[in-house]
Amino acid sequence: MPQVVVGVGEGLGGLGALHRAAAEARLRRVGLCAVLAWQAPDGGPGSRTSCGVPVSALCRSAAADRLREVLAAAFGAGTPAVTVTGLTVRGTAGAALVDVARDPDDLLVVGSGPRGPLRRLLRPSVTRYVLAHAACPVLTVPPSPLRAEYEAAHRRNSWRLPLDARELT
């Protein structure tokens with residue numbers, strides 16, 4: 001059965017993609033599957049224990065809690081008028097999304113945005129991976145225009161730079 005699959009990540013771009021995916025699911029009259037990928041610390045097998053509690057179980061539980069928080073923040077007390085299914089998958093984000101959206105009739109929605117050269121070196125792009133490997137159509141959602149202004153204000157505040165009056169116009 002076709003569905004709209006959306007990657008849930010951190011930051012404002014993930015919320016924009018989630019809202020766009022809900023709108024697409026309403027238009028297509030299909031369900032929405034929100035996917036949050038998680039990995040064990042240090043990329044290990046997760047078989048190590050801390051005080052007798054398996055690390056992988058703690059990571060899985062934290063991922064499920066995070067997914068519930070993101071869905072509650074995105075949709076609040078109201079419902080998005082579609083059936084929303086949350087899914088936590090152990091693995092990298094790109095591979096998890098491609099694996100969940102394997103039906104050619106699915107639609108895969110991911111957020112995209114500007115990435116600097118340092119960030120590209122440290123973390124591979126989920127959007128690029130999905131575009132190269134998906135078996136279904138992929139919709140990339142650009143960041144909100146307000147995001148650039150937010151990041152500029154954040155940088156200015158971090159460096160304690162004075163506010164330029166021209167920025168207010």
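For the structure itself, consult the block above.
The present account deals with the structure reproduced in this document. Only a predicted model underlies this, so the values are computations on that prediction, with no experimental measurement involved. (Residues numbered from 1 in each chain as written. Predicted model: local features only at pLDDT ≥ 70, side-chain atom pairs only at ≥ 80, totals over all residues. Heavy atoms only, no water.)

Quick look at unusual backbone geometry now. Non-glycine residue R29 carries a positive phi angle of around 55°. Within the secondary structure, R29 is located in the loop between helix 1 (12-28) and strand 2 (31-38). On the basis of relative accessibility, which here comes to 77%, the residue R29 falls in the exposed class. (Helix = DSSP H or I, 4+ residues; strand = E, 2+ residues; numbered from the N terminus. Buried < 20%, exposed > 50% of the residue type's maximum accessible area, 1.4 Å probe, protein only.)

Turning next to helix 6 (residues 145-158). Taking 1.5 Å per residue, 14 residues should reach 20 Å; helix 6 reaches 21 Å between its end C-alpha atoms and fits that length. In the stretch just after helix 6, R160 is the one whose phi turns positive, near 55°. (Expected span 1.5 Å × (residues − 1).)

The next subject is the sheet that holds strand 5 (residues 84-90). If you walk across this open sheet you meet the five strands as 5-2-1-6-7, and the pairing is parallel. Edge positions in the open sheet fall to strand 5 and strand 7 (138-141), since each of these has one partner strand only. With strand direction ignored, the average angle separating the axes of adjacent strands in the sheet is 25°. When strand 2 meets strand 5, the two strands line up parallel, connected through seven bridges. Across the sheet, C33 pairs through a bridge with T85, a residue of strand 5. Along the sheet, helix 2 (residues 55-75) contacts strand 2 and strand 5; its crossing angle with strand 2, the most-contacted strand, is approximately 140°. (Pairing = 2+ DSSP bridges. Axes fitted to C-alpha atoms, helices over the stretch in contact; angles between N-to-C directions. Contact = heavy atoms within 4.5 Å.)

For the rest of this paragraph, the subject is the environment of S112. Looking at the element boundaries, S112 is found in the loop between strand 6 (107-111) and helix 4 (117-122). Taking C-alpha positions, S112 is 5.7 Å from V141, a pair spaced 29 residues apart along the chain. Once residues lying within four places of it in the same chain are set aside, the contact partners of S112 are T127, T140, V141, P142 and P143.

What follows covers the packing of helix 3 (residues 93-100) against helix 5 (residues 126-133). Between two packed helices, what matters for the description is the angle formed by their axes and the separation of those axes. One can describe the packing of helix 3 onto helix 5 by two numbers: an axis separation of 8 Å at closest approach and a directional angle of 35°. For the pair helix 3 and helix 5, the sense of crossing is right-handed. Contact residues: A93, G94, A95, L97 and V98 in helix 3; V126, Y129, V130 and H133 in helix 5. Residue composition of the contact of helix 3 with helix 5, grouped by class: seven nonpolar, two polar and no charged. (Left-handed = near helix turned anticlockwise from the far one by under 90°. Nonpolar A, V, L, I, M, F, W, Y, C, P; charged D, E, K, R; others polar.)

We now examine the nonpolar core. Counting residues in each nonpolar core, the largest one holds 25 residues, and the members touching the most others are V4, V6, L18, L32 and V109. Going through the elements one at a time, strand 1 (3-7), helix 1, strand 2, helix 2 and strand 6 are the ones with two or more residues in this core. Sorting elements by how many residues they give to this core places helix 2 first, with eight residues. Contact partners of V109, with chain neighbours within four places excluded, come to V4, V5, V6, G7, A17, A21, L139 and V141. A96, V98, A101 and L108 belong to the second-largest nonpolar core, a separate cluster that totals 13 residues. (Core = buried A, V, L, I, M, F, W, Y, C linked by side-chain atoms within 4.5 Å.)

Opposite charge on two side chains allows them to pair when their charged atoms are near. Under the counting rule described, the total for this entry stands at five salt bridges. In this structure, R20 and E24 form a salt bridge, with 3.3 Å as the shortest nitrogen-oxygen distance. Taken as a pair, R20 and E24 lie in helix 1 at a separation of four residues, close to a single helical turn. A relative accessible area of 38% places R20 in the partly exposed class. E24 gets classed as buried once you look at its relative accessible area, which sits at 12%. Across the pair R66 and E69 runs a salt bridge, and its minimum N-O distance is 3.6 Å. In this pair, R66 and E69 are both assigned in helix 2, three residues apart and thus about one turn of the helix distant. A single salt-bridge network, built from bridges that share partners, covers R20, E24 and R28. (Salt bridge = Lys/Arg side-chain N within 4 Å of Asp/Glu carboxyl O.)

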